[in-house]
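The primary structure of each chain is shown beneath.
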Amino acid sequence: MNELSPLPQAAFDREAAAYLLRRLQFGVRPDEIDRALAEGLPATTDRLLSVQPETDAFVRAEAALRQTAHAASSIAGLKAWWLYRMLHSANPLREKLTLMWHNHFATSHAKVNNVSQMAVQNDLFREHAWGDFHHLLHGVARDPAMLVWLDGNANRRRHPNENFAREVMELFALGLGNYTERDIQEAARAFTGWQLRDGAFWFNASQHDAAPKTIFGRTGRFEGNHVIDLCLEHPACPRFLAFKLLRQFVSDQPSTPLIDLVAASLARHKLHIRPVLFELVTSAAFFADEHRQALIKSPVDLVVGTLRTSATRVVLPAAAELLARLGQDLFEPPTVKGWDGGRQWIQTSTWILRWNFVTELVDGTGLGALREELWTDGRPQPDTWLLTYLGRAAPEVRAAVAAHWHAADELPAGRARRTLRFLWSLPEYQLA
Amino acid sequence: MFRIRSARREFLQVVGAAGLVSLGGSVPRFWSQALAQQDGTSAGERVLVLIQLAGGNDGLNTVVPITDDAYYRARPALAIGKQAVLKLNDRWGLHPSLEGLHQLWEQGRLGIVQGVGYPRPDRSHFRSMDIWHTANPDVVQPQTGWIGRTLDAAQGTEGREAVAVGLDRLPLALVGHRVVCPLVKSLEAFRLNEPAGGSPLRTADWQRAVQAPAPPRGELEFLRRSAQASLASADRLKSLGETYRTRVEYPSTGLAQRLKLVAQMIVAELPARVYFVSLDGFDTHAQQLPGHAALLAELAGAVASFVADLEEHRLTGRVLIATFSEFGRRLAENGSLGTDHGAAAPLFVVTPHRGGLFGEAPSLTDLDDGDPKFTTDFRRVYATLLENWLNVDSSAALGGRFEPLDCV
């Protein structure tokens, strides 16, 4: 078998629909599960991978937030803007992929120190979210924030700076072990003169080394564009991207056979992300038992997912600040390697913060308030919450949640708060 | 002594009050060892404090070869002059910012291991740091680190735990398959908000739920184990701030404050055997002189205060400090008054009663791609720390036998 086989239609049940949407959006609401079941798996996935029109209210609020961030040169404002998009956009998967590329091409405002350049780079990730990786990588190489981040201006003919050349191979396209130190030195020469002037990409011919270079065993008068193309043609590239996609959507520890299948799909589709992602998330492998509890929620997944599905009057700056404390400071990843994710999200201090987040939200002291529809919408509880929030859970765990709901000594609001407090404090809730 | 005993007693009272004694078998030893010590036995275990110098510390400007012409030729702008160094002997001197370490040298407590590195040096920060953390240069996507594997192997026999202080994430060195090491940023970060109606974490339902069976080695099992360990760590760390006093005035630097927190935890007799702290910023590609001097001053000032604090608490005999960095820097300075990624470099070991220069300094005329060649495999240093200091077998963690050095 060298292709991913699709999930049989009959296997797409409520639990599968909830799982699909938890992985492709930020959390899932019961009405979204109803709609996905009515449409079926292929149509749902196709819809999530197509640009949906935004509401007028969204467009106005989004523009105002962005304008505020620009006017004040405030990165905190830009964080609030992006969180608003994640919480309210009609295209949640596009935001999730934007975040994936932000992590892949991890660039930090701490060095770039320019809000508008960080916003422009974010737009680039969004534009190519599920597009052609060729366009994305070429775009990133000329992106102003990236040129600042990886020292484009310091890469001069007589003094090549290897920073960008190294990371384009190690972290952006190939991964360790697929190139030599010599390849990096030669590639750095090809990128000499790729600089920034007046905030825009500028090819400074006087600093460019036009002499022949030898990269991956091929010799020629390679320019920066050629180096990008050589990386994109390199057989390691699809596999490297396959690993990233699987870490984002399927498992913190993807198996080698699955990496191979996705890499083959990427090669077949010439590094176009959309058809590959479609094949992956409609496949039987995606829904396999071993993947249902194989991914730990990132801070964004936890916080945005919980707030989007369950909260109102969200305080965006407080949410952004919480994400920073949980280890995922938007626009400020710790290094060019991005966030390691997976088990690294979970520490003693972040466990406590994840628990304290639940307390704050349920008590309505800081981040926002619970939406009352959660317990007044007439849906059967706690079954609906077990489906939307936990997915698969052991019988003991389901029974413990039910016991919290059925202890009938309080008004509905009190019962709901007690039950959600308990449910959101479970280890199961930290699974994506 | 009285203070130490009383600190532990107070701390155990908090523990007992929290009712956590009943937790199941998956609770890390970090916790249960404290209970074992309640009867007063086996107090006073040795402690290892690892200081990571992240970014690649310039070893040549740290331990300066003051009689080597090759050094002065390769660094016309950056070399530290013979008159400027803090002299160790006729051939070597410390960077002038390392006053606090030089005092330890004069007390015979500073060990310097020369030329530490590994075969086929990798000049990627991430890859080389991974190699130092895993002690396994051949694994490309490493999952566990040398301390984590040591703890995994020791589990069930004795409490040997590790705590990372002040980092954003758990260093790979401390990651094991089984053990979950706590990450302490500040004591403030461990305040669990308990809602008025009682925390769900204190209910029998929650305890049952986190002890339900889960597939071994999966993410859910990991989350359940770490949830229990985190709750236990939070409860015990909460009581630390109240029991510790010192007359030492630590500098206001980040590293000094982190080491102060480590001192607090050692004084309170947490059964951790290893503490891990980091000082970042050693990637000195440009305008190196002022930045590097400030970093070394931060290192020496923090270590000196920490050692003084340990002395005040009569703990010096039990604590060993070791530094490491992912690589040294290239011998030749670059065109931006800085140095690029290199390979072998010296590291420091502060011990209770042994000092000196150990190992062989690499030649500066026989280079590997512009960098000094390593003379001592870094795994021999690790073997020294594990075998000679912590008294544990090193072969499981290091994947083979590495001969300890005589610096400890």
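Here's a quick rundown of the structure.

Analysis parameters
- Residues numbered from 1 in each chain as written.
- Chains lettered and ligands numbered in written order.
- Predicted model: local features only at pLDDT ≥ 70, side-chain atom pairs only at ≥ 80, totals over all residues.
- Heavy atoms only, no water.
- Helix = DSSP H or I, 4+ residues; strand = E, 2+ residues; numbered from the N terminus.
- Contact = heavy atoms within 4.5 Å.
- Areas by Shrake-Rupley, 256 points an atom, 1.4 Å probe, with all protein chains shown as cover.
- Buried < 20%, exposed > 50% of the residue type's maximum accessible area, 1.4 Å probe, protein only.
- Expected span 1.5 Å × (residues − 1).
- Axes fitted to C-alpha atoms, helices over the stretch in contact; angles between N-to-C directions.
- Parallel < 35°, antiparallel > 145°, perpendicular 65-115°, else oblique.
- Left-handed = near helix turned anticlockwise from the far one by under 90°.
- Nonpolar A, V, L, I, M, F, W, Y, C, P; charged D, E, K, R; others polar.
- Salt bridge = Lys/Arg side-chain N within 4 Å of Asp/Glu carboxyl O.
- Pairing = 2+ DSSP bridges.
- Buried area = accessible area lost by both parts, 1.4 Å probe.
- Polar contact = N/O pair within 3.5 Å; in protein donor to acceptor, adjacent residues only side chain to side chain.
- Core = buried A, V, L, I, M, F, W, Y, C linked by side-chain atoms within 4.5 Å.
- Phe/Tyr/Trp six-rings, centres within 6.5 Å; stacked < 30°, edge-to-face > 60°.
- Lys NZ or Arg CZ within 6 Å of the ring centre and 35° of its normal.

Some remarks on the overall build of chain B
Along chain B, the regular secondary structure elements total twelve helices and 14 strands. The contacts in chain B between residues at least 6 apart in sequence include a share of 71% that link residues at least 24 apart. Per element, the accessible surface of chain B, about 15400 Å² overall, is 49% carbon and sulfur.

Details of unusual backbone geometry
The residue after Q381 of chain A, namely P382 of chain A, is reached through a cis peptide bond having omega 0 degrees. Tracing the backbone shows P382 of chain A in the loop between α21 (373–376) and α22 (383–390). You will see that R217 of chain B, though not glycine, has its phi angle at about 70 degrees, which is positive. Mapped onto the fold, R217 of chain B is located in the loop between α7 (204–210) and α8 (219–237). In this structure R217 of chain B comes out as exposed when scored by relative accessible area, which is 58%. Positive phi is not limited to glycine here, since Q287 of chain B has a value of about 45 degrees. You can see Q287 of chain B is positioned in the loop between β8 (272–280) and α10 (288–312). The exposure class assigned to Q287 of chain B is exposed, which follows from its relative accessible area of 53%.

Regarding helix α15 (residues 256–268) of chain A
Look at α15 of chain A: 18 Å from first C-alpha to last across 13 residues, which is about the 18 Å you get at 1.5 Å a residue. If you follow the buried residues of α15 of chain A, they end up packed against α14 (236–249), α16 (273–281) and α17 (289–292) of chain A.

Points about the packing of α22 of chain A against helix α24 (residues 412–424) of chain A
Residue and element names in this part refer to chain A. Viewed as axis vectors pointing N to C, α22 and α24 meet at an angle of 30 degrees, and their least axial separation amounts to 11 Å. One element, α22, and the other, α24, form an angle in the roughly parallel class. Considering only the axes of α22 and α24, their crossing is right-handed. Along the contact surface, α22 presents W385, Y389 and L390, while α24 presents A416, T419, L420, L423 and W424. The class makeup of the residues in the contact of α22 with α24 is seven nonpolar, one polar and no charged.

A closer look at the pattern of salt bridges
Summed over the entire model, instances satisfying the criterion amount to 49 salt bridges over all chains. Measuring nitrogen to oxygen at the nearest pair gives 2.8 Å for the salt bridge that ties D363 of chain A to R421 of chain A. Taken together, the positions of D363 of chain A in helix α20 (residues 348–363) and R421 of chain A in helix α24 put the pair 58 residues apart, joining distant regions of the chain. On the accessibility criterion, D363 of chain A (37% relative accessible area) is partly exposed. When the shortest N-O distance is used, the salt bridge between D406 of chain B and R354 of chain B registers 3.8 Å. With a gap of 52 residues between them, D406 of chain B in the segment after α12 (395–398) and R354 of chain B in the loop between β10 (345–350) and β11 (356–358) connect regions that are remote in the sequence.

Quick word on the sheet that holds strand β3 (residues 86–87) of chain B
Residues and elements named next belong to chain B. Strand order in this open sheet of three strands is β2-β4-β3, and the pairing throughout is antiparallel. A single partner strand is all that each edge strand has here, and the edge strands are β2 (63–65) and β3. The pairing of β2 with strand β4 (residues 92–94) spans three bridges and is antiparallel. Among the inter-strand pairings, V63 is bridged to a residue of β4, identified as L94.

Points about the interface of chain A and chain B
At the interface, 44 residues of chain A touch 40 residues of chain B. In total, chain A and chain B occlude about 3800 Å² of area from one another, counting both sides; carbon and sulfur atoms represent 62% of this. Contact with chain B buries area across many residues of chain A, yet R343, T348 and W355 of chain A alone supply 16% of it, more than any other trio. Connecting chain A to chain B are two salt bridges. Our enumeration of links across chain A and chain B arrives at twelve residue pairs in polar contact (both at pLDDT 80 or more). Put simply, the parts of the chain that give the side of chain A that touches chain B at least two residues each are α11 (163–173), α20, α23 (395–406) and α24 of chain A. No other element matches α20 of chain A, which puts eight residues into the side of chain A that touches chain B.

Things to note about α22 of chain A
Residues and elements named next belong to chain A. With respect to burial, α22 is a largely interior element, seven of its eight residues being buried. If you check which residues of α22 are buried, you get T384, W385, L386, L387, T388, Y389 and L390. Of the surrounding elements, those touching the buried residues of α22 are α1 (14–24), α2 (30–39), α18 (299–310), α21, α23 and α24. Taken from the residues just after α22, G391 is the one with a positive phi, measuring 65 degrees.

As for the pairing of strand β6 (residues 161–165) of chain B
Residue and element names in this part refer to chain B. Among the five residues that make up β6, five are buried, leaving the element largely enclosed by the rest of the structure. By the alternation rule, side chains of β6 split into E161, V163 and V165 and A162 and A164, which are all buried. Sheet topology places β6 next to β8; four bridges connect them, and they run parallel. Counted as the bridge partner of E161 is A272 from β8. Judged from the two bridges that link them, β6 and strand β7 (residues 183–184) form a sheet pairing that is parallel.

Details of the nonpolar core
Side chains of a nonpolar character, in soluble globular proteins, are inclined to be buried together. Residues and elements named next belong to chain B. Counting residues in each nonpolar core, the largest one holds 213 residues, and the members touching the most others are L101, Y275 and F306. Residues within four places of F306 in sequence aside, it is in contact with V49, Y250, L259, V262, A263, I266, V319 and I321. Membership of the second largest hydrophobic core comes to 46 residues, among which are A322, F378, W389 and C407.

Let's talk about the packing of aromatic side chains
All names here are of chain A. Within the structure shown, the criterion is met by 29 aromatic pairs over all chains. Look at F105 and F133: their rings are 6.2 Å apart centre to centre, the planes differ by 15 degrees, and that puts the pair in the stacked class. With F105 in the loop between α6 (92–104) and α7 (109–112) and F133 in helix α9 (residues 133–141), this residue pair connects regions lying 28 residues apart in the sequence. By relative accessible area, F133 is classed as buried at 1%. Three or more aromatic residues joined by ring pairs make a cluster, and in this case those are W101, F105, F125, F133, F164, F172, F191, W194 and F201. K96 extends its terminal NZ or CZ atom over the ring of F26, reaching a point 5.4 Å from the ring centre. The ring of Y429 has K297 lying over it, and the distance from NZ or CZ to the ring centre is 3.5 Å.

Concerning the packing of α20 of chain A against α8 of chain B
Interhelical geometry of α20 of chain A versus α8 of chain B gives an angle of 90 degrees and a closest axis separation of 9 Å. Comparing the axis directions of α20 of chain A and α8 of chain B gives the class roughly perpendicular. Across the interface between the two elements, T348, W351, I352 and W355 of chain A from α20 of chain A touch L223, S226, A227, S230, L231, S233 and A234 of chain B from α8 of chain B. Considered class by class, the residues forming the contact of α20 of chain A with α8 of chain B number seven nonpolar, four polar and no charged.

Side note on the pairing of strand β1 (residues 47–54) of chain B
Here is the key point about a regular strand: its side chains alternate between the two faces of the sheet. All names here are of chain B. For β1, the buried fraction is high: eight of the eight residues fall into the buried class. The two faces of β1 match: V47, V49, I51 and L53 on one face and L48, L50, Q52 and A54 on the other face are all buried. Judged from the six bridges that link them, β1 and strand β9 (residues 319–324) form a sheet pairing that is parallel. Paired with L48 across the two strands is L320, which belongs to β9. One ladder, built from seven bridges, connects β1 with β8; its direction is parallel.

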